[in-house]
Amino acid sequence: MLLWSSLLSLAAVVVAVSDAKLYDEAWRKAELAKMPGQMILHAPYTPYHANNTLNTDVVPALAAQARKMGVNTVWVPGSMGDFDALSIAERKALAEAWIAAAHANDLYIVVHVGSTVMSECIELAAHAKEHGSDAVGSVPPYYRRPDSFASLFAFLQPVQEAAGGLPLFYYHIPGTTGYQISVSDLFAAAQTGLPSLIGVKWVANDANDWFALVHQYNTTHASMYAPEPKLQWMGLGIGRGSVLAEDFFGPTYLRMFDAFTSGNWAAAAKEQIFKQKASAVFSKYGGDGAERAIYKRLCNVDMGDNRPPEVPFNHSLYDSLVTDLEAAGFFAQLPH
């Protein structure tokens, strides 16, 4: 047993040395240079046919729509993209469609490979690499949760290997996964434990953690902020990018960002108020289902209904949804 334990420890050291050589400073600088300077990330809804089967035919139109709205980065599939409700075969088909469409529209793409099953993560990471993804991302295991960074790294290191040199983004969404950590501490530990870790999709409410990320890792990592209000993020410190979720709020965000960085606080606040007003309309009609429905108006794409157990949109209310959005100025602020 002692000999076996020693051999395992030696193997871990060899792997760590090998990884350190591959994911060195030159690799990190090169990968960061491939990313947009300010990442405007959209996590698209997954489109379905009327019978709730996957519909990849409309992905090119969705990618073009995202680019039109000012998006430059996509994360597929995220929580809004139903990653946890898709089979492995569906996730592969969706990734292939989005990788092709993203590159055709000059979008940086992160294929999310997270799962509670390590073998699935490995399979999806290898598939993403094979088909030309720019990066991979992963949630932590969220049912049997890691009790330390060492156990988290033990789960993600085979994913790193399967991704074959692609950068890895951590999906930090503790309100859903129940796995609460300090990402700034994670970045520090990952320098040796998971060196391909290059960024985070940050969906949390620990302002101190975000502040630490921005002020310690802004030149070496890509940290993307998701929560609302976005003005809070700008006040705490601007990272590498912002997570919009819905691409149709891209123009709003870009105007807000420009106003804030130019010192026009009133104009920035006006955009934030508009965003909250429009979001309230979607919430009135069921939230995600209503947002999916509005793509008919935006780019003539029928997204289909949410997958169970999500409640589908009441399509008899579509005209009322459009009317209320028009009254809120939603369509008037979009590029035409």
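Rules of the game
Residues numbered from 1 in each chain as written. Predicted model: local features only at pLDDT ≥ 70, side-chain atom pairs only at ≥ 80, totals over all residues. Heavy atoms only, no water. Phe/Tyr/Trp six-rings, centres within 6.5 Å; stacked < 30°, edge-to-face > 60°. Helix = DSSP H or I, 4+ residues; strand = E, 2+ residues; numbered from the N terminus. Buried < 20%, exposed > 50% of the residue type's maximum accessible area, 1.4 Å probe, protein only. Polar contact = N/O pair within 3.5 Å; in protein donor to acceptor, adjacent residues only side chain to side chain. Pairing = 2+ DSSP bridges. Axes fitted to C-alpha atoms, helices over the stretch in contact; angles between N-to-C directions. Right-handed = clockwise from strand over helix to strand, strands pointing away.

1. A word on the packing of aromatic side chains
Here is step 1 of the chain: Counted by the stated rule, this structure contains 21 aromatic pairs.
Here is step 2 of the chain: Here the aromatic rings of F149 and F153 are separated by 6.1 Å at their centres, their planes lie at 15°, and the arrangement is stacked. In this pair, F149 and F153 are both assigned in helix α6 (residues 149-162), 4 residues apart and thus about one turn of the helix distant.
Here is step 3 of the chain: The class for F153 is buried, based on a relative accessible area of 6%.
Here is step 4 of the chain: Ring geometry for W233 against Y253: centres 5.9 Å apart, planes inclined by 35°, an arrangement best described as tilted. Of this pair, W233 sits in helix α10 (residues 230-236) while Y253 is found in helix α11 (residues 250-261), placing the two residues 20 residues apart along the sequence.
Here is step 5 of the chain: By relative accessible area, W233 is classed as buried at 0%.

2. Some remarks on the environment of N264
Here is step 1 of the chain: Its location among the elements puts N264 in the loop between α11 and α12 (265-284).
Here is step 2 of the chain: At 3.1 Å, the side chain of N264 and the backbone nitrogen of A267 are in polar contact.

3. What about the sheet that holds strand β6 (residues 197-202)?
Here is step 1 of the chain: With parallel pairing, 8 strands are arranged side by side around a closed barrel as β1-β2-β3-β4-β5-β6-β7-β8. With direction set aside, neighbouring strand axes in the sheet form an average angle of 25°.

4. Points about the pairing of strand β1 (residues 39-42)
Working note: regular strand, side chains alternate between the two faces of the sheet.
Here is step 1 of the chain: What you see with β1 is no split at all: M39 and L41 on one side and I40 and H42 on the other are buried throughout.
Here is step 2 of the chain: In this structure, β1 lies alongside strand β8 (residues 241-245), joined through 4 bridges in parallel fashion. In the strand pairing of β8, M39 is matched with G241.
Here is step 3 of the chain: In the sheet, β1 pairs with strand β2 (residues 73-76) via 2 bridges, with the strands oriented parallel. Paired with L41 across the two strands is T73, which belongs to β2.
Here is step 4 of the chain: Crossover β1 to β2 through helix α3 (residues 59-68) is right-handed.

Keep in mind these values describe shape, not function.
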